[in-house]
Each structure stands twice: as C-alpha cells, then as structure tokens.
Amino acid sequence: MKIVPKHRATGSAAVPAVSNLLKGVNDLKKLPVRVKVRFDGSAVYVPENLMDKFVVRGGNPLLGNIRVSGAKNAALPAMAAAILTDEPVVLENIPDVRDIQTERNLLVSMGAEVELGYGKAHHRTTICCRDLVNPEAAYELVKTMRASTLVLGPLVARMGRARVSLPGGCAIGARPIDLHIKGLEQLGATIRQEHGYIEASAERLRGGHIVFDKITVTGTEDLMMAAALAQGETLMENCAREPEVADLAALLNKMGARIEGAGTATIRIKGVTKLSGARHRIIPDRIEAGTFVIAAALTGGDLTVTNCDPSHLSALLQKLQECGVTVSVQRDSVRIKNGHRLKAAGMSTEEYPGFPTDMQAQYMTLATQAEGTSVITENIFENRFMHAQELVRMGANIKVEGSRAIVRGHTPLSGAAVQCSDLRASASLVIAALVAEGETILDRVYHIDRGYERIEEKLKGANAQIRRIGEILPKRAQVPAGVA
Ligand code: EPU
C-alpha cells in the first residue's frame, strides 16, 4: 500500500486510500473504529472504546503563554466558499483539528483538490474546485459534523444542484436547517426532501429578500455564499453578527463578491457572475481563547493568551471581571491574573455580541468554584447541559431546571473518570480536571479533537499536568486481506 505522509497528503492522492481502508475495516468489525496507517505501510484499527483518553492531575495554576489557533468556525465556511470558484483559494491559519479534516474529505469526495501545507506552513491549505463532479454531502459526513450543510448554498450557486443529507438531532439539540432551506427557496431554488436528503436545484439563483425568523450563524453564511453568485441583489435581515460571518464576507469580497454589512444584522449582496481565487488568513479562535482564559482564572494562574482578538471576547471578559478576575487586554493578547477568590455571577447565553453558547460549559465549571450561586441560562440550544452531570460526579452542586442551571459554588472538585459528550462539554471537563483534587481520566477525547488543536500540549506548556494515553497501541491488529 502506498503511504502518503499525513502532512504532505494531497486530498486526491491520500483520502480515497484511507477511506477504502476505513470501509473495509468497518465492514469487518461493524463497530465504530479508528484506523491508523503506520509509515511502514501497515494499518491498525482501534475500537472506539480504546480511543484516546486524557489523564489530568489537578492543582497546578496555568502560567506563561498559550497561542491560539485559527477559528474552526471561520475556517469551515471559508473552505466551503472555495466551491464558488474554479480558481484556487489559499487559506492560512487553518486549525489542525478533526472537523477540518472532515470538511477536507467532504470537498475531496466532490472532486476538489485539497493541498495541505507542510512543515511551518502546515496551517495553510489550498483548495481548487475546478473539477467538481459530485455535488453531494453524504450522511456519513454530515452526521459527524453538522457544518457540512455549509456546502448546500455554494453547490447550488456554482453547480445548479446539491444533494445534502439532513443532519438530524445532535448532542446539543435538534439543530434543524429549515432556515437554510427557506432562504434558498427565497433565492429561487427548488427543494425536494427525499430519503433523508435535501435536493436543491436552480438554473441560476436570483436575488431575494430573506428575513431570518431566528438568528442562525451557518444559515447566514450558507445564504451569503449562495447570494454572492445569484442574479441581482439580495437583502438579508436578522442575520448573525458573529465575527466568523464577517470573516467569511471578507474572504468572499476578496474573491470578487459585493457584500456589505456582514457583522451587522442587515447584509446586502449584489450578485456577480463569477468569483475568482483569493488568499485569506482565518481569524483567531475566540472560543479556544476563551477556554484558556477561563482555565487561567479558575486555576488562579497568570497566563497570557496570545494571537487572539480581544474585541471578540468582550462579553466573556466583562463577565470574568464581574467574577473578580483581573484581566488586562493588549492588541492581540489577553493576560489573566487571578490571585483572589472568584465571585458568582449569573449568565445567559445570547447570539453575538452576547455571551456565546460555546463558552457556557466552560463558564459553568468556573461557577462551581465561585463563592455564591450562579444561575446560568442557555438560550441558544435546548440540550446543552450534558457536562453538568459529569461535573456533579466530580463534586459540583448543579441543578438543571429546563434551560437554567443553578450552580451552588465553592464546592471542591475531585478527580474521577468522566465521559466527554460534545466538543465544548469536553473542554469544560478538562478545565474542571485542572482544579480537581487527584487524577481525572477523560474518555472519548475525540470530541475535543474536533475543535481544539493539541489542547493537551498547549496546556502542558503552561504548567498543567495532562497527558494523552491510548496513542501507543499494544499490538498490531489484524487487517483483513485486501484492505491494507
Ligand atoms: N436553527 C433553526 N433552524 C435553522 C438553523 C438554526 O431553528 O435552520 C436554530 C438552532 O436549532 C439553534 C439556533 O437556531 O437553536 C442557532 O443555531 P445556529 O444555526 O446559529 O447554529 P449553527 O450555525 O449550526 C454555529 C456554530 C456552533 C455554535 C452556534 C451558535 C459553526 C460551524 N457552528 O452553529 O458551534 O454553537 O453557531 O453560536 O459555526 C461549536 O463550535 O462547538 C459549535 C457547536
């Protein structure tokens, strides 16, 4: 079998080989497995229950610096935007996380060429969608990453048709895509739903007036991409104002789109007939930055979170100041110094610029150590408190009542075996483990790997005691004939 080193793999050369391998092994085992291809050409499979774990020993304050990676939630729509042109799009500051690999596989399955930088440039990717052949996002990919639905708008706009699996429910809530569909209809697409797939078609989309019933981040992004190539002008109201939406518009405008107002509730798009290639640097990940900021405040550390945009963290930093944390902000870094006791402060999640739902779980961990009672209200997703139960197992006092969690603070946490359930819930457990007494073992850390780049290495570099286990496989597994 030909092995292509991971960092040199170009999509068309490497991905099909690995996906064939996966298919063969999956067929054999009928179990969720991870396949590892070694450099000597052998392959091993690891059943899910043997996947990586983190072992964390609590008690160390976070000290020094941590550098933030590019924003996953800005990189995903930027990669989808490459569908809109037959010229190469070069994206820099792409985080090395699993969701990005999933999107890369999705684009490759459609016929895109995805080239990865290597060495110092391994955060750069070049995507060329000149020869798209298969405008489809299959269930297998969409179910692991809902953001796959971001290809819907660009595919209809560029190829005149798209077949994208409906995402179904997920760990944090129902997450329907009705607003994406309604918006595309407004732009003239014909939509059919069959066998769990959305099939959309349009000879050429035309501009329209879209008023979102509810604010949706990827919905705004999906329709902004579709409208960029539509005939005539589109007015979108009640749009998401997240920095990731503005970053996508910046990329699209570099590609020749005419978009105004991204980052506000009203976006105007004058459709053009063709978009060209461009080079763009993805904004820093505000949720990763916020996670380290909370971890520093919680552990009583002195940490500078670098390469971030503090203006994207305003709601969080204000809340932390209310909790008694000393925050100092520089142009592209935030220093957190916390020698005092934390005070409880209630918090409600809201769309940007409000407190992000993606920081709610981490904030709940902080609230377990603050003096007093914090009422945390989750307004964006209906089922985003799965971390609460695991925190209770570590000694927290949390009562969940519908969309509210009542956290009685200042309860000591003790290390335990805990399960990660979704990306941000997992982050909250990692930072709980940093202050727990004794050792915590976190299972299913593949959830963290979806959106945090080498979190354990970054934390270890800032004085935390954390290590990943399960990387070294005890023995070579049998691989079925014809697979390796
Ligand atoms: N909604 C609908 N219909 C739709 C779309 C959304 O009812 O067609 C509802 C959702 O069910 C939810 C609310 O609207 O209740 C907001 O959902 P939104 O569409 O804004 O979420 P999303 O675009 O699917 C993005 C991020 C999430 C983040 C949310 C909210 C990406 C790739 N994902 O999701 O990030 O939580 O916005 O800020 O940008 C994460 O990174 O861990 C993550 C989950």
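What counts and what doesn't
- Residues numbered from 1 in each chain as written.
- Predicted model: local features only at pLDDT ≥ 70, side-chain atom pairs only at ≥ 80, totals over all residues.
- Heavy atoms only, no water.
- Core = buried A, V, L, I, M, F, W, Y, C linked by side-chain atoms within 4.5 Å.
- Buried < 20%, exposed > 50% of the residue type's maximum accessible area, 1.4 Å probe, protein only.
- Helix = DSSP H or I, 4+ residues; strand = E, 2+ residues; numbered from the N terminus.
- Contact = heavy atoms within 4.5 Å.
- Salt bridge = Lys/Arg side-chain N within 4 Å of Asp/Glu carboxyl O.
- Axes fitted to C-alpha atoms, helices over the stretch in contact; angles between N-to-C directions.
- Parallel < 35°, antiparallel > 145°, perpendicular 65-115°, else oblique.
- Left-handed = near helix turned anticlockwise from the far one by under 90°.
- Nonpolar A, V, L, I, M, F, W, Y, C, P; charged D, E, K, R; others polar.
- Near = heavy atom within 4 Å.
- Polar contact = N/O pair within 3.5 Å; in protein donor to acceptor, adjacent residues only side chain to side chain.
- Areas by Shrake-Rupley, 256 points an atom, 1.4 Å probe, with all protein chains shown as cover.
- Pairing = 2+ DSSP bridges.
- pLDDT = per-residue confidence, 0-100.
- Lys, Arg positive; Asp, Glu negative; His and termini not counted.
- Expected span 1.5 Å × (residues − 1).
- Phe/Tyr/Trp six-rings, centres within 6.5 Å; stacked < 30°, edge-to-face > 60°.
- Lys NZ or Arg CZ within 6 Å of the ring centre and 35° of its normal.

A.B. asks: For this particular structure, what's the right way to read the nonpolar core?
C.D. replies: It is characteristic of soluble globular proteins that their nonpolar side chains tend to be buried jointly. Residues Leu205, Met224 and Leu252 are the most contacted members of the largest nonpolar core, which totals 78 residues. The biggest single contributor to this core is helix α2 (residues 72-81), with 7 residues. Leu205 has contacts with Val156, Ala157, Leu184, Leu187, Gly188, Ala189, Ala226, Ala230 and Gln231, leaving out every residue within four places of it along the chain. Counting residues in hydrophobic clusters, the runner-up holds 67 residues, among them Phe292, Leu316, Leu342 and Ala436.

A.B. asks: I keep staring at the pattern of salt bridges and nothing clicks. Help me out?
C.D. replies: In a structure, side chains of opposite charge can pair up when their charged atoms sit close to one another. As enumerated under the stated definition, the model contains 30 salt bridges in all. Here Asp131 and Arg130 are joined by a salt bridge, their closest N and O atoms 3.7 Å apart. Between Glu457 and Arg454 there is a salt bridge whose closest N-O contact spans 3.1 Å. Overall, Arg454 belongs to the partly exposed group, its relative accessible area being 39%. Taken together, the shared-partner salt bridges in this structure form one network comprising Glu136, Arg163, Arg192, Glu194 and Glu199.

A.B. asks: Explanation requested: the packing of helix α11 (residues 360-368) against helix α12 (residues 386-393) in the structure shown.
C.D. replies: Relative orientation and spacing of two packed helices are given, respectively, by the angle between their axes and the distance between those axes. Where α11 meets α12, the closest approach of the two axes is 10 Å, and the angle between their N-to-C directions is 25°. Our classification of the angle between α11 and α12 gives roughly parallel. Handedness of the crossing formed by α11 with α12: right-handed. Along its contact with α11, which presents Gln360, Ala361, Met364 and Thr365, the element α12 presents His387, Ala388 and Leu391. For the contact of α11 with α12, the residue count by class is 4 nonpolar, 3 polar and no charged.

A.B. asks: Which parts of the structure should I look at to understand the site of the ligand?
C.D. replies: Surveying the vicinity of the ligand reveals 22 residues, the closest of which are Asp178, Thr216, Thr218, Asp358 and Ile380. Arg175 has a polar side-chain atom sitting 3.0 Å from an oxygen atom of the ligand. In the environment of the ligand, an oxygen atom lies 3.3 Å from a nitrogen or oxygen atom belonging to the side chain of Lys214. For the ligand, whose unbound accessible area comes to 830 Å², protein coverage reaches 89%. Among the elements of the structure, α2, α6 (178-186), α7 (217-228) and α13 (423-435) are those that each provide at least two residues to the shell around the ligand. Broken down by element, the residue count for the shell around the ligand peaks at 3 residues, all from α6.

A.B. asks: Would you mind going over the sheet that holds strand β18 (residues 326-329) with me for this structure?
C.D. replies: Two strands in a sheet stick together by hydrogen bonds in their backbones, pointing the same way (parallel) or opposite ways (antiparallel). Read across the sheet, 4 strands follow the order β4-β17-β19-β18 without closing on themselves; strand pairing throughout is mixed. One side of each edge strand has no neighbouring strand; the edge strands of this open sheet are β4 (63-67) and β18. Strand-to-strand twist across the sheet, computed as the mean angle between neighbouring axes with direction ignored, equals 15°. Where helix α9 (residues 286-299) meets the sheet, it contacts β4, β17 (302-306) and β19 (333-337), and its direction lies at approximately 175° from that of β17.

A.B. asks: Quick question: what am I supposed to make of the confidence of the model for the chain here?
C.D. replies: The predicted coordinates of low-pLDDT regions are not to be read in fine detail. Across the chain, the average pLDDT comes to 89, with 86% of residues at 70 or higher. Overall, residues 1-33 carries pLDDT values under 50, and its contacts beyond four positions in sequence, including any with other chains, amount to 54 contacts. Here residues 45-50 is modelled with pLDDT under 50, and outside its nearest four sequence neighbours on either side it reaches 17 contacts, counting other chains as well.

A.B. asks: I would appreciate a short explanation of the side chain of Asp222 in the present structure.
C.D. replies: Relative to the elements of secondary structure, Asp222 occurs in helix α7. No salt bridge forms around the buried Asp222; measuring N to O, its nearest opposite-charge neighbour Arg175 is 12 Å away. Of note is the side chain of Asp222, whose polar atom sits 2.7 Å from the backbone nitrogen of Gly153. Sequence-distant contacts of Asp222, that is, excluding residues within four places in its chain, are made with Thr149, Leu150, Leu152, Gly153, Pro154 and His180.

A.B. asks: Whenever I open this one, helix α3 (residues 98-109) confuses me. Can you help?
C.D. replies: For an α-helix, 3.6 residues make a turn, and residues three or four places apart therefore share a direction. In this model, α3 (12 residues) spans 16 Å end to end at C-alpha, consistent with the 16 Å of a helix rising 1.5 Å per residue. When we look at burial in α3, the residues that qualify are Asp99, Ile100, Thr102, Glu103, Arg104, Leu106, Leu107 and Val108. Phi turns positive one or two residues past the end of α3, at Gly111, with a value near 110°.

A.B. asks: What's the story with the sheet that holds strand β14 (residues 258-260) in this structure? I'm lost.
C.D. replies: Pairing is mixed in the open sheet, where 4 strands are placed in the order β12-β13-β15-β14. Of all the strands in the sheet, the pair left with one neighbour each is β12 (209-211) and β14. In this sheet, neighbouring strand axes are inclined to one another by 15° on average, regardless of whether the strands run parallel or antiparallel. Pairing geometry for strand β13 (residues 233-237) and strand β15 (residues 267-270), over 4 bridges, is antiparallel. Paired with Met236 across the strands is Ile267, a residue of β15. Here α7 sits on the sheet and contacts β12, β13, β14 and β15; the angle it forms with β15, its principal contact strand, is near 25°.

A.B. asks: Got a minute to help me understand the pairing of β18 in this structure?
C.D. replies: For a regular strand, side-chain orientation follows a simple rule: the groups alternate between the two sheet faces. Across 4 bridges, the pairing between β18 and β19 is antiparallel. Bridge pairing in β19 places Val327 opposite Ile336. With antiparallel pairing between neighbouring strands as the criterion, β18 and β19 make up a hairpin whose turn holds 3 residues.

A.B. asks: Explanation requested: the packing of aromatic side chains in the structure shown.
C.D. replies: For any pair of aromatic rings, geometry is given as the distance between the ring centres together with the angle between the planes. On inspection of all chains with the given rule, the structure shows 1 aromatic pair. Relative to Tyr363, the ring of Phe355 has its centre 5.5 Å away and its plane inclined at 70°; by these criteria the two rings are edge-to-face. Considered together, Phe355 and Tyr363 belong to a single accessibility category, that of buried residues. It is Arg163 that lies over the ring of Tyr197; its NZ or CZ is 3.9 Å from the centre.

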